[in-house]
Amino acid sequence: FFPEHGNYLALDLGGTNFRVLVVKVRSSRRRSVRMYNKIYAIPLEIMQGTGEELFDHIVQCISDFLDYMGMKNTCLPLGFTFSFPCRQTGIDKGTLVSWTKGFKATDCEGNDMVEMLREAIKRRNEFDLDIVALVNDTVGTMMTCAYEDPKCEIGLIVGTGCNVCYMEEMTNIETAEGDEGHMCINTEWGGFGENGELDDIRTRFDREVDEGSLNVGKQTFEKMTSGMYLGEIVRQILIDLTRRGLLFRGRITERLKTMIKHVALVQTDRLALLQVRSILQHLGLDSTCDDSIIVKEVCGTVSRRAAQLCGAADGASNKASRTKAKAAPTTDPLCPVSAPRSFSSILKETVGELAPKCNVSFVLSEDGSGKGAALITAVARSLGDRPIDKYLYAMRFSDETLLDIMNRFKREMENGLGKDTNPTATVKMLPTFVRSIPDGSEKGDFIALDLGGSNFRILRVKVSHEKRQTVQMESQIYDTPEDIMHGSGTRLFDHVAECLGDFMEKQKIKDKKLPVGFTFSFPCAQTKLDEGILLTWTKRFKASGVEGADVVKLLNKAIKKRGVILVNDTVGTMMTCGFDDQRCEVGIIIGTGTNACYMEELRHIDLVEGDEGRMCINTEWGAFGDDGMLEDIRTEFDREIDRGSLNPGKQLFEKMVSGMYMGELVRLILVKMAKEGMLFEGRITPELLTKGKFETKHVSAIEKTKEGLSKAKEILTRLGVEPSHEDCVAVQHVCAVVSFRSANLIAATLGAILLRLKDNKGSPRLRTTVGVDGSLYKMHPHYARRLHKTVRRLVPESDVRFLLSESGSGKGAAMVTAVAYRLAEQSRQIAQTLAEFQLTKAQLLEVKERMRAEIQRGLSKETHELASVKMLPTFVRRTPDGTGKRGQKYQLSNLQIFQI
Ligand code: BG6
Ligand code: BG6
Ligand code: GLC
Ligand code: GLC
């Protein structure tokens, strides 16, 4: 966006001068920027007094300036160049890390400088200002020069202090949210050496200068390079040389003993000897011609080292930017006015030597940083002023908000797992009866059906096991027309059966009885693997008579088979990835819909009996927020999406993040923007107003780094609007905000699962693998990276590997089926073996009858010979005579035996 027409106020505090400026931006036919400024003194006692005094003084100067300009009655936007290290959390927020250079006002370090200025303005109660941006002087300088030369991407200050800023790619900045494009980094390289990195090249003079400074031990590099200290280094050397009788005939004057706070001495490097002598005279030093030559040399040496150090440090940042950009960029470090000429030529020479492959040109900032700060303010204001940015603003979350969402989801999971809380829980946490990931011993030939994602797919999965386990897959995609998705359940399952018939015919396996794994990507309540009651349709499906019914039964009926194993797509994905990585214990889908499953300890799953081992839980996190839990972060666009959906009030989290809704979300925002005249010059076409015309794949195309803008143009042109370049940039921005929100929200819910896994294991760090699938995750150019980055930030105590499922859930479903069949076959065979030992009553009666018959045969004379029960006489004729009880008992038990 080009800065808007208007007047902007700028403050420039922290260099040699404190300056107040008005910058007038005129953007009619020819863009023009005019500046008016006044310099004000800041007395030493104010620089080192209290913070309140300092800011009151600043506001007094502003008041004077506004009077002078006659602008007191307008609330001007203000850009505040503040040349000290600030930790910024937004363009208009920054806490002072520590004072540097000559400032040391109390009660400022650790406080927000913008707030302190605002309070001082309030205290004065004379005028109002809208403080829009806080800007370091390096950044202001870079922006000033970039206004003339857009290739400028480095800002260098070598003045009172020394510092550099440059444009870094967002992907490399882990400390700020966001991934697109670039952000300027204020290096604060003046602090380099505070940890001893420069100890070997620091001299005793550097140490003395440090000891006499306001910030001992700090800003080591700055103290070797910048204007505030070079004069002092020179003075220390001169004293030393004089003490040793090498200068001024050994006479040290009082003036030489006191600190010299400016760079006058160093600048003598450029002067004629005569002038050097007059400066020395001014310092009360009676010098000879030789003395002047020596002083000149000392100055030259000190400033040369400073220039070389700056050149070396700059060379380092150039190298970094070259490797990042892959091609050598033209970089423009900037030199402020107060550095001597020779300094800049040494600087350039050193940069040239140390970074030979960089084509660097140096541009001197003639206008100071104030202009740059005003331009930043103008741009920030023009963006911030758009009401649409307010909507988009509500879609950007701080890490604090994301951690809050993570905690909410953690509680939802606990509710879903608890016996008493489950019936009313929104996140259902469905047990899947899958107890482990594949162990590598699975084998067999399977059919997998994969229904519910963007494609209906049928697969044949052959798992063989010779030495190594290998999987062969063949698959075909079948169309599922909308009228079938929305018709009767019977028709839907008949359609599945027809497609399966076709597939088996083509595969020539019509007569084979292959086990079927059914990936059904909808929430099903399971009590075993081969049963599942559909709780509710989600996404694009709405067939009648299926909700509340067992989908396995419906499928069995349609395909006239038995023994189908039911698997959610998240579970299939986890199993597919678990095949390659045994550590995989989470599966997530970010596609048409979104969902996750993970391995939970059985002892925490109240709904399933048993305490030992683990079971995979299908969270059905798409329903997160259905009880109002996310109302504070839902926008008017989310509500509109929900109203127009097949399942209003349901799957509210899914509708904020998944592929089925993302394009539509962007479309709604664009319509709103166009209606308010902020896009397409207010033109709205019937195509733009048609639901579904802007698809999620368009979001992915528009966000592509290189061709994104031309894709935007192409796509928007197809919608009938004639987009300007600015329109394309704005649309890209909207896409980025919406898809970023999605990745951030998923990072929060996934973060909660990871924390749970970590707690379950009771280990201080979690090492785990997450299997991922889904078209949005796969096709969007930045989604995966953003998700990974945010997860790592939200759960720093984890090492997470994200594994992309290349072969879909079908393979995983086959694995689950294989395990189930292996276990079923195992128990079948055992049961079969043991079954022979189990006699029925009839069998026993039969045995009794046969035995009785045989006994008869054995006793009878004719049959005796042939009887199997021989009934041999023993010739023992008497049993004990009854005096002993044992005999009686024996008789009794004999009797009993025969009575069976
Ligand atoms: C000025 C900038 O030109 O240079 C200031 O406007 C900056 O923002 C200054 O701080 C740095 O140089 P010196 O020598 O004034 O510290
Ligand atoms: C596929 C899986 O790869 O991804 C499906 O095989 C799953 O089971 C799908 O449903 C999810 O992605 P999408 O984008 O098709 O919804
Ligand atoms: C000091 C400040 C830094 C500033 C530089 C140049 O190093 O810490 O913020 O950019 O001086 O003025
Ligand atoms: C929906 C379904 C869920 C599925 C997900 C991803 O959220 O309810 O079961 O896993 O989409 O396809």
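Residues numbered from 1 in each chain as written. Chains lettered and ligands numbered in written order. Predicted model: local features only at pLDDT ≥ 70, side-chain atom pairs only at ≥ 80, totals over all residues. Heavy atoms only, no water.

For the protein chain, the name recorded in an unreviewed UniProt entry is Hexokinase-2, with Scleropages formosus as its organism. Under the UniProt heading Subunit (unreviewed entry), the note attached to the protein chain is "Monomer. Interacts with TIGAR; the interaction increases hexokinase activity in a hypoxia- and HIF1A-dependent manner." Its UniProt record, at the heading Sequence similarities (unreviewed entry), says of the protein chain: "Belongs to the hexokinase family." (UniProt positions renumbered as here; feature names shortened; annotations may be inferred.)

Colleague: Tell me about the overall build of the protein chain, residues and numbers included.
Modeller: For the protein chain, the count of helices and strands is 31 helices and 27 strands. Taken over the C-alpha trace, the protein chain has a radius of gyration of 41 Å; the compact-globule value for 900 residues is 29 Å, which it surpasses by more than 25%. Counting only C-alpha atoms, the protein chain reaches 155 × 75 × 50 Å along its principal axes. The buried share of the protein chain, reckoned over its 900 residues, is 51%. Long-range contacts, defined as pairs at least 24 residues apart, comprise 67% of the intrachain contacts of the protein chain with a sequence gap of at least 6. In the form shown here, the protein chain has an accessible surface area of approximately 42,900 Å², with 52% of it arising from carbon and sulfur atoms. (Helix = DSSP H or I, 4+ residues; strand = E, 2+ residues; numbered from the N terminus. Rg over C-alpha atoms; globule rule 2.2 N^0.38 Å. Buried < 20%, exposed > 50% of the residue type's maximum accessible area, 1.4 Å probe, protein only. Contact = heavy atoms within 4.5 Å. Areas by Shrake-Rupley, 256 points an atom, 1.4 Å probe, with all protein chains shown as cover.)

Colleague: Describe in detail the sheet that holds strand β15 (residues 430-431), supporting the description with residues and values.
Modeller: On the basis of which strands lie adjacent, the open sheet formed by 6 strands has the order β15-β25-β24-β23-β26-β27 and mixed pairing. What marks the edges here is a single partner per strand, and that holds for β15 and β27 (798-804). Relative to strand β24 (residues 594-601), strand β23 (residues 584-590) runs antiparallel, the two being bridged by 5 bridges. From the neighbouring strand, Ile589 faces β24, where its bridge partner is Asn595. Along the sheet, helix α28 (residues 783-794) makes contact with β23 and β27, crossing β27 at roughly 160 degrees. (Pairing = 2+ DSSP bridges. Axes fitted to C-alpha atoms, helices over the stretch in contact; angles between N-to-C directions.)

Colleague: How would you sum up helix α4 (residues 137-148)? Please name residues and give values.
Modeller: In an α-helix, one full turn covers 3.6 residues, which means residues spaced three or four apart are oriented alike. The end-to-end C-alpha separation of α4 is 17 Å, in line with the 16 Å expected for 12 residues at 1.5 Å each. Of all 12 residues in α4, 9 are buried; the element is thus mostly enclosed. By the burial criterion, the buried members of α4 are Asp137, Thr138, Val139, Gly140, Thr141, Met142, Thr144, Cys145 and Tyr147. (Expected span 1.5 Å × (residues − 1).)

Colleague: Explain the UniProt feature "domain: Hexokinase C-terminal" (unreviewed entry) in the protein chain to me, using residue names and the numbers behind them.
Modeller: Mapped onto the present numbering, the UniProt feature "domain: Hexokinase C-terminal" (unreviewed entry) falls at residues 153-379 and 586-819. The straight-line gap between the two end C-alpha atoms of residues 586-819 is 18 Å; of that span, 51% is helix and 14% is strand.

Colleague: Could you give me a rundown of a negative patch on the surface, with the residues and numbers involved?
Modeller: Together, Glu45, Glu52, Glu53, Asp107 and Glu119 make up a region of like negative charge exposed at the surface. Along the chain, Glu53 turns up in helix α2 (residues 51-69). (Patch = residues over 30% accessible without salt bridge, like charges linked within 9 Å, V, L, I, M, F, W, Y side chains within 5 Å. Salt bridge = Lys/Arg side-chain N within 4 Å of Asp/Glu carboxyl O. Lys, Arg positive; Asp, Glu negative; His and termini not counted. Charge placed at Lys NZ, Arg CZ, Asp CG, Glu CD.)

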